[in-house]
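Single-letter residue listing:
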Amino acid sequence: MTAQIIDGKIMAQNLRDELAQKVAHLPTSPYLAVVLVGNDEASIIYDRNKQKAAEAIGMKCKIHHLPEETTQNDLLQLIDNLNHDVLVNGIIVQMPLPKHLNSNEIVESIDHAKDVDGFGIYNLGLLHANDSSAMVAATPQGVLYMLQHTLGNLTGKHAVIIGRSNIVGRPLASLLLNNHCTVTIAHSKTVDLPSIVSKADIVVAACGVAKMVKKEWIKEGATVIDVGINRVDGKICGDVDFDNVKEVASYITPVPGGVGPMTVTMLLNNTLRAYLNQNSSLKK
Ligand code: NDP
């Protein structure tokens, strides 16, 4: 068996085309505010990409680029201003923040209606309680979208997620549970990971260990989603040993070109949702 590749670039482009059509019919443009503190090169590139992607579908996106030495109070003040700005629909604060800043307090200061990253406790709580109004983090939402558009109904499938972070593993576990999967979350202290993974219909690797998931761990015909982004000898690779695992899986995502392109797209989708929630008369 050789797995079919789930092409994240095509899926993301199709979804962006749909979003662009919806945005074109709105009376005003949804507006995403991005807050970036310091000069981390990767963060600057990520945020420019978000801005380009937002503008390409007709949204507004402003990057508030603050100096490294910004104080907690200055940052809280900016977020307070954005919370009260009726033109701003979504706010994201690029992580990681410089070490002198308290990230938790910053995330919690964002109005939950504008928390389009879905990192705040309020939205995490709604997701955990299976409340469909939750704003859900972009990467796990992208993974769910890929699974649903590949497999259809997920009811009864056994999903094993490797990784329990607040931005990927945990919210994804809730999403899959809410979609009637049987979910196992594995982590660095899990005993006998290969045997646990071998029972999965769906394997999601989000551990940040290059090519860790091996062919021998995978049940024949399983679907394998690789969230990992690792750099090995200057090349990007995922957490799955792609070349070998594709021989036993039925579907698999590549890295790059898999989950990555879906993440920014889902952030834009959340921004549109936030806009519609804040302009409820426009909701159909
Ligand atoms: P974190 O480092 O926050 O979490 C990693 C998780 O993997 C932890 O729960 C950790 O366990 C677990 N883990 C680490 N090593 C092992 C191991 N040997 N066996 C089993 N579990 C292990 O990472 P993130 O969740 O933020 O990101 C995960 C990966 O996804 C990274 O490669 C990151 O770059 C990528 N990523 C990609 C995105 C995209 O858009 N494609 C977006 C976000 C992240 P423990 O809790 O015990 O420490």
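Residues numbered from 1 in each chain as written. Predicted model: local features only at pLDDT ≥ 70, side-chain atom pairs only at ≥ 80, totals over all residues. Heavy atoms only, no water.

Describing the overall build of the protein chain
Check the secondary structure of the protein chain and you find 10 helices and 11 strands. Principal axes of the C-alpha set define a box for the protein chain whose edges measure 55 × 45 × 35 Å. Counting only residues that meet the buried cut, the protein chain has 49% of its 284 residues in that class. Surface accessibility of the protein chain: about 13,800 Å² in total, with carbon and sulfur atoms responsible for 52%. (Helix = DSSP H or I, 4+ residues; strand = E, 2+ residues; numbered from the N terminus. Buried < 20%, exposed > 50% of the residue type's maximum accessible area, 1.4 Å probe, protein only. Areas by Shrake-Rupley, 256 points an atom, 1.4 Å probe, with all protein chains shown as cover.)

A word on the sheet that holds strand S3 (residues 60-66)
Pairing is parallel across the open sheet formed by three strands, whose spatial order is S3-S2-S4. Strands at the two margins of the open sheet, each flanked by one partner only, are S3 and strand S4 (90-93). Ignoring strand direction, the axes of neighbouring strands in this sheet form an average angle of 15°. Bridge count between strand S2 (residues 31-37) and S4: four bridges; the pairing is parallel. Note that in S4 the partner of Leu 32 across the bridge is Gly 90. Helix H2 (residues 41-56) rests against S2, S3 and S4 of the sheet, and its axis sits at about 160° to S3. This element, helix H3 (residues 72-84), spans S2, S3 and S4 of the sheet and lies at about 180° to S2. (Pairing = 2+ DSSP bridges. Axes fitted to C-alpha atoms, helices over the stretch in contact; angles between N-to-C directions. Contact = heavy atoms within 4.5 Å.)

Here's the deal with the pairing of strand S7 (residues 202-205)
Residue alternation in S7 divides its side chains into two sets, Ile 202 and Val 204 and Val 203 and Ala 205, and both sets are buried. Both S7 and strand S8 (residues 223-226) contribute to a ladder of four bridges, which runs parallel. Note that in S8 the partner of Ile 202 across the bridge is Thr 223.

Quick word on the site of the ligand
Around the ligand, a shell composed of 21 residues is seen, among which Arg 164, Ser 165, Ser 188, Ile 229 and Thr 263 lie nearest. The separation between an oxygen atom of the ligand and a polar side-chain atom of Ser 165 is 2.5 Å. Sort the elements by how many residues they give to the shell around the ligand and helix H10 (residues 259-278) lands first, with three residues. Split into classes, the residues belonging to the shell around the ligand amount to 10 nonpolar, 10 polar and one charged. (Near = heavy atom within 4 Å. Polar contact = N/O pair within 3.5 Å; in protein donor to acceptor, adjacent residues only side chain to side chain. Nonpolar A, V, L, I, M, F, W, Y, C, P; charged D, E, K, R; others polar.)

Quick notes on helix H5 (residues 121-128)
Within H5 the residues assigned to the buried category are Asn 123, Leu 126 and Leu 127. The arc that holds the buried residues of H5, viewed along the axis, is 100°, so those residues lie on one side. Exposed residues lying more than 90 degrees from the buried face of H5 are Ile 121 and His 128. Packed against the buried residues of H5 are helix H7 (169-178). Directly after H5, the chain includes Asn 130, whose backbone phi takes a positive value near 60°. (Arc of directions from axis to C-beta.)

Things to note about the side chain of Asn 269
Mapping Asn 269 onto the fold places it in helix H10. By relative accessible area, Asn 269 is classed as buried at 18%. Setting aside chain neighbours within four positions, we find Asn 269 in contact with Leu 19 and Gln 141.

Some thoughts on the nonpolar core
Judged by nonpolar contacts, the single largest core of 50 residues is most densely connected at Val 143, Leu 176, Val 204 and Met 262. Ranked by residues supplied to this core, first place goes to H10 with nine residues. If we ignore the near neighbours within four places in the chain, the residues touching Leu 176 are Leu 144, Leu 147, Leu 154, Ala 159, Ile 161, Cys 181 and Val 183. Ile 162, Ala 186, Val 240 and Val 248 belong to the second-largest nonpolar core, a separate cluster that totals 19 residues. (Core = buried A, V, L, I, M, F, W, Y, C linked by side-chain atoms within 4.5 Å.)

Digging into empty space enclosed by the protein
Here the structure, examined in full by the defined rule, presents one cavity of 30 Å³ or more. Of the pockets and cavities examined, the largest cavity occupies roughly 40 Å³. Contributing to the lining of the largest cavity are Val 93, Met 95, Val 107, Ile 110, Asp 115, Asp 117 and Phe 119. Considered class by class, the residues forming the lining of the largest cavity number five nonpolar, no polar and two charged. (1 Å grid on protein atoms, 1.4 Å probe; cavity = no way out; pocket = protein on both sides within 12 Å on 5 of 7 lines; lining within 4 Å. Points joined across faces, edges and corners; volume = space filled by probe spheres on them.)

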